[in-house]
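# Working through the structure, step by step
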Amino acid sequence: MLRSEFQKFSKSPYLIVVTLFMVVGAIFLSSREGAMRYGLFTSGDMFQFLESTHADHNRATQIVADYWRIDRDWIAQNSTNIVDIAFTTHGVQFSRLLNASLGFAILGVLFAPYYIGMDFKSRLWNNMLYVGHKRARIFSGRVIAYFTLVILFSLVTTFILIVQYSGTVFDKLPSSEIWSGILKKIVYDAAYMSVPLAFVYLFKGAVYPALCTLAVNGSIWIGLNVYGKPNETQAFSQSPVNLPMKIDTLPSFNMTQVPIVAPALIIMISVALAYYFFKRADLY
């Protein structure tokens, strides 16, 4: 059953194109959130800013140290010019990019209702039951395939953010710390993506699950990321792009401070509810 699920995905060019469009949108949202909400800089952006201030090396190290709350002496010891100064921030930028979750909060609204919900309309589940497949087998095959794709999407998005904002982090932090952060982010992303499962199997469609997921994921994202207590540090720049909702301060909230048991519980509850609704659904 799992093999047939992946074959279904791989043999549908339209499904692949739509999914890629959704994932690219999620990557874009996460990148913009990183710049707007968490004050992340590409090395090029930071270099341009420091160069525009006409600050010497000492002054530039002080600016960056104040912004990121890094020890100034450490920055001075690990840099000889403003290009090096930009690279010294990659460790702390990595910890901040792990917070970028808006992309998956929105991807959850779109992907599950489309990938799973549309199959109720096509009567795919009805046909599978008619030819003798068990509900548990049908459900497990689709859910395993779904979360495999979610993990892949999360890894791709995270590594693109790493390349964009903290490309030298593997030279600055222990590998165990980096991979631990990446694995935690996968669980957080999967939690957002698990929410629509219960709604998809409850409503047996795409529109209502998408609307319900938007309400739930939106509430979670706003609660965790918008109302976090901000730092006093002023963001001296965000991006050369004219963004509509630039912040004045950097938030101190770190999503990785949330115990991993919380998103894990969301995933388990969502899957359990989805299976319960699928078992009770009238598909004959």
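Here the residue index of a chain counts from 1 through its sequence in written order. Whole-chain, interface and lining totals are the exception, using all residues; otherwise, since this is a predicted model, local features are given only for residues with pLDDT of at least 70 and side-chain atom pairs are given and counted only at 80 or more. As a rule here, side-chain values come from all non-hydrogen atoms in the structure, and water together with hydrogens is ignored.

Looking only at helices and strands, the protein has 13 helices and 2 strands in total. When each of the 284 residues of the protein is scored for burial, the buried share is 49%. Two residues form a contact once any of their heavy atoms are found within 4.5 Å. Counted over contacts in the protein with a minimum sequence separation of 6, partners at least 24 positions apart contribute 78%. Surface exposure of the protein reaches about 13,900 Å², of which carbon and sulfur atoms provide 65%. Here a strand is any run of E in DSSP of at least two residues, a helix any run of H or I of at least four, and the numbering for each starts at the N terminus. Summary of the burial criterion: residues with accessible area below 20% of their type's maximum are buried, those above 50% are exposed, and those between are partly exposed, where the area comes from a 1.4 Å probe applied to protein chains only. Only the protein chains shown count as cover for residues, with accessible areas throughout obtained via the Shrake-Rupley method and a probe of 1.4 Å.

Next up on the list: the nonpolar core. Residues F111, W125 and Y146 are the most contacted members of the largest nonpolar core, which totals 39 residues. Breaking this core down by element, the ones donating at least two residues are α2 (13-36), α8 (102-121), α9 (124-130), α10 (135-165), α11 (175-203) and α13 (261-280). Ranked by residues supplied to this core, first place goes to α10 with 9 residues. Every residue in contact with W125, bar those within four places of it in the chain, is listed here: I116, D119, F120, I138, R142, Y201, F278 and L283. With 31 residues, the next largest nonpolar core counts A60, L161, Y165 and I178 among its residues. Among buried residues, those of type Ala, Val, Leu, Ile, Met, Phe, Trp, Tyr and Cys that are joined through side-chain atoms within 4.5 Å constitute a nonpolar core.

Let us now look at the side chain of N217. Its location among the elements puts N217 in helix α12 (residues 207-226). At 3.2 Å, the side chain of N217 and the backbone oxygen of Y192 are in polar contact. Ignoring anything within four residues of it in the chain, the contact list for N217 reads F104, A105, G108, Y192 and V195. Pairing of N or O atoms within 3.5 Å defines a polar contact, subject to two protein rules: one partner must be a possible hydrogen donor and the other a possible acceptor, and residues neighboring in sequence count only if both atoms are side-chain atoms.

Side chains of L202, F203, V207, Y208 and L211 sit close together on the surface and give an oily, nonpolar patch of about 520 Å² of accessible area. Elements that contribute at least two residues to the nonpolar patch include exactly α11 and α12. The element that contributes the greatest number of residues to the nonpolar patch is α12, accounting for 3 residues. For Y208, the location among the structural elements is in helix α12. Each patch is built from residues lacking any salt bridge and having more than 30% relative accessible area; the joining distance is 9 Å for like charges and 5 Å for nonpolar side chains (Val, Leu, Ile, Met, Phe, Trp, Tyr). Just to be clear on terms, a salt bridge is a Lys or Arg side-chain nitrogen sitting within 4 Å of an Asp or Glu carboxyl oxygen.

Another point: the side chain of Q93. Inspection of the secondary structure assignment puts Q93 in helix α7 (residues 90-97). Residues in contact with Q93, not counting those within four places in the same chain, are G39, L40, F41, W68, Y165 and S166.

Right, let's talk about the confidence of the model for the protein for a bit. In predicted models, pLDDT denotes the confidence assigned by the predictor to each residue on a 0 to 100 scale. The pLDDT averaged across the protein works out to 83; a share of 85% of its residues lies at or above 70. Considering only residues more than four positions removed or in separate chains, one finds that residues 229-248, a stretch of pLDDT under 50, has 55 contacts.

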